[in-house]
Amino acid sequence: MSINWPVFADQLINGLTVGSFYALIALGYTMVYGVLLMINFAHSEIFMVGAYSGLFTMNRLAEMGLYETSPALAILLTFLGGAIGAALTGVTLERLAYRPLRKATRLAPLISAIGASFFLQELVRLLPTIGKAVMGIRLGGQSLFPVNWQQSIIKLMDDFGGSKVKIYPGIMTTAGFDIGDIHVRYSQVVILVSSLLIMAALYLLVRYTRLGKAMRAVAEDKEAAALMGIDINQIISRTFLIGSMLAGVAGVMMGMYYLQIRTTMGFVPGIKAFTAAVLGGIGNIPGAMLGGYVLGLAEAIGLQFLPAVYKDVVAFGILVLILIFKPTGILGEVVAQKKL
Amino acid sequence: MSIVLETRQVTKNFGGLMAVNRVDLVVPERAIASVIGPNGAGKTTFFNCVSGFYTPEEGQIEFQGQSLVGVPPYQIARAGIARTYQNIRLFPAMTALENILVGRHSRLKTGLIGAIVRPSAAVREEQTASQYALELLDLVGLMGEANTLARNLPYGDQRRLEVARALANDPTLLMLDEPTAGMNPQETRDMMAFILRIRDEFSLTILLIEHDMRVVMGVSDQVSVLDYGVKIAEGTPAEVQANPIVIEAYLGRPTE
């Protein structure tokens, strides 16, 4: 079998890009697992809401003309919009769907997460319908909301969600530079570099700040952490906030990169990112980062030897092998210690 | 002299077992008060009631005049009560220095925003906190171990680190649960001298749990004896030592 090097290199670059998405999403799984020992299966929907919130923000900014006057600021605000949308979703989810089950059996929050996952998908899909229904509520012949609000709110809800595929404006073009036969897109470089910067910032936050130390303390021993004056609920909420923001950023990036978003878009990247988190060692933050890139590259390399339809086989094959032969993952020693 | 901790008729039972039964305790400011008793006498349960992990079914617990019943543990810690555990509860995968910094958590302010944008005030706060943490490490003789993971420290060092971590919270009341457990006689004497020293240096009030009666005699201002959850005696060490009920609780009733 001969290797077509330009194609292979192209796939490796793509692998790094996709790996960035996986890594950013995987961090949310691993951080939540760290503090709650629970897999937040609704994390893939937090990522999806991030993509939708980003597009929604983008459309608002475009209406204001900000994308013409100062595109850099507009892009930054778009990412912020996606991150905030995802963060609100994640924090609300923790408060309503997981915290009441904190003392229940370990399976209960897991099932709650799966339920929340369907709920969020349907919520975004039905948002325009819900908007129309709520705006149509009448009390004693009187409309509950002022008539002039109704149309704009319905329009906004329609713009946010719905069952149709939504399209991100093509601001990430195929423009780039060539190294020999290999074409590298600027967008790929931007995604890789900004992801690495975000992850470095997260690592420093967890390693050195007061908040980061409190998060690690909660992950290691909740009772002892409370004894240090740490408000456990607050730290868990912050953990969801940060993990969800990372997923939101990944959602916006993915929307910009692949252009199309839909309410079911979270499932595959979500479960791949989960694989990445397990691969790196669930609960381990550098592990999730490493796992994301290893998985992205493994898929790219796999494509070199297997038909494209087998891409998912590579990812999930790795998951099965890891679970059989090294359930603690590549960097998983710390977690194994913690379980003792 | 004002009262730091006062409990009245504190009762905690576990499915019919009276672990703590109507316990009254008054701890004056800067005293070293010891709670002793045989294994299973309810000493640790009593501690858990004070630090908020258990809510007593009956009774009152007041710290500097404020009721603690129903207050969550993290707020009790913030109010100025720190404790150590009988079976050391450090954060094993964090360094000695980090353990102390976590202990200082509630005395520092930087939150989420500060952690991300890092204004100079946040950076300064971290530096001051690290400086103070190093001083505490020095105090307990662990200066060279700042970057050693807690789980890699020898047993005696872990014990002292746990005390240093509790001190980092600037407590008014320090509760020590069998601080000399597993120590040899020399280490035990050192620990007792150390407890007297920190009481004076940090103006602490100390509540001490001990299993071994002899250990507390030298340092305690007052001794309370628990047996099957009930306070059976109280007084100065000499009084308690001479009390026949106490001797019986420890040695059993002589069979005639």
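Residues numbered from 1 in each chain as written. Chains lettered and ligands numbered in written order. Predicted model: local features only at pLDDT ≥ 70, side-chain atom pairs only at ≥ 80, totals over all residues. Heavy atoms only, no water.

### Let's talk about the nonpolar core
Reasoning step 1: Counting residues in hydrophobic clusters, the biggest one holds 100 residues, and the most contacted among them are A:Leu202 and A:Ile230.
Reasoning step 2: Setting aside its immediate chain neighbours within four residues, A:Ile230 contacts A:Ala214, A:Ala217, A:Val218, A:Ala225, A:Ile235, B:Tyr74, B:Arg78, B:Val102 and B:His105.
Reasoning step 3: If you look at the next biggest cluster of nonpolar residues, it comprises 47 residues, including B:Ala96, B:Leu153, B:Leu167 and B:Val223. (Core = buried A, V, L, I, M, F, W, Y, C linked by side-chain atoms within 4.5 Å. Buried < 20%, exposed > 50% of the residue type's maximum accessible area, 1.4 Å probe, protein only. Contact = heavy atoms within 4.5 Å.)

### Some words on helix H11 (residues 267-280) of chain A
Residue and element names in this part refer to chain A.
Reasoning step 1: With 14 residues, H11 should cover 20 Å at 1.5 Å per step; its first-to-last C-alpha distance of 20 Å lies within 8% of that length.
Reasoning step 2: With respect to burial, H11 is a largely interior element, 11 of its 14 residues being buried.
Reasoning step 3: Regarding H11, the residues found buried are Pro269, Gly270, Lys272, Ala273, Phe274, Thr275, Ala276, Ala277, Val278, Leu279 and Gly280.
Reasoning step 4: The inward-facing, buried residues of H11 abut helix H1 (5-36), helix H2 (43-63), helix H10 (232-258), helix H12 (285-305) and helix H13 (311-325). (Helix = DSSP H or I, 4+ residues; strand = E, 2+ residues; numbered from the N terminus. Expected span 1.5 Å × (residues − 1).)

### Some details on the domain arrangement of chain B
Residues and elements named next belong to chain B.
Reasoning step 1: According to the domain assignment, chain B contains domain 1 (1-80 + 173-179 + 203-256) and domain 2 (87-170).
Reasoning step 2: Put simply, the middle of domain 1 and the middle of domain 2, counted by C-alpha atoms, are 28 Å apart.
Reasoning step 3: Taken residue by residue, the interface counts eight residues in domain 1 and eight residues in domain 2.
Reasoning step 4: A buried area of about 560 Å², summed over both sides, lies between domain 1 and domain 2, and 57% of it is on carbon and sulfur atoms.
Reasoning step 5: In terms of surface lost to domain 2, no three residues of domain 1 exceed Arg78, Leu174 and Pro179, which account for 56% of the buried area on that side. (Domains from an automatic or database assignment. Buried area = accessible area lost by both parts, 1.4 Å probe.)

### Some details on the interface of chain B and chain A
Reasoning step 1: On the side of chain A, 26 residues touch chain B, which itself brings 30 residues to the contact.
Reasoning step 2: Taken together, the two surfaces of chain B and chain A that pack against each other cover about 2,700 Å², and 62% of this comes from carbon and sulfur.
Reasoning step 3: For the interface between chain B and chain A, the tally reads four salt bridges.
Reasoning step 4: The shortest N-O distance in the salt bridge between A:Arg216 and B:Glu98 comes to 3.0 Å.
Reasoning step 5: For the pair chain B and chain A, the number of links is 11 residue pairs in polar contact (both at pLDDT 80 or more).
Reasoning step 6: Listed by contribution, the elements that provide at least two residues to the side of chain B that touches chain A are helix H2 (73-79), helix H3 (96-103) and helix H4 (112-117) of chain B.
Reasoning step 7: Classifying every residue of the side of chain B that touches chain A gives 15 nonpolar, six polar and nine charged. (Salt bridge = Lys/Arg side-chain N within 4 Å of Asp/Glu carboxyl O. Polar contact = N/O pair within 3.5 Å; in protein donor to acceptor, adjacent residues only side chain to side chain. Nonpolar A, V, L, I, M, F, W, Y, C, P; charged D, E, K, R; others polar.)

### Describing the sheet that holds strand E1 (residues 3-14) of chain B
Residue and element names in this part refer to chain B.
Reasoning step 1: Strand order in the open sheet formed by four strands is E2-E1-E4-E5, with antiparallel pairing between adjacent strands. A strand with exactly one partner marks an edge of an open sheet, and here the two such strands are strand E2 (17-28) and strand E5 (66-67).
Reasoning step 2: In the sheet, E1 pairs with E2 via eight bridges, with the strands oriented antiparallel. Bridging across to E2, Ile3 finds its partner in Pro28.
Reasoning step 3: Seen against the sheet, helix H1 (residues 43-50) touches E1, E2 and strand E4 (58-63) and runs at an angle of roughly 115° to E1. (Pairing = 2+ DSSP bridges. Axes fitted to C-alpha atoms, helices over the stretch in contact; angles between N-to-C directions.)

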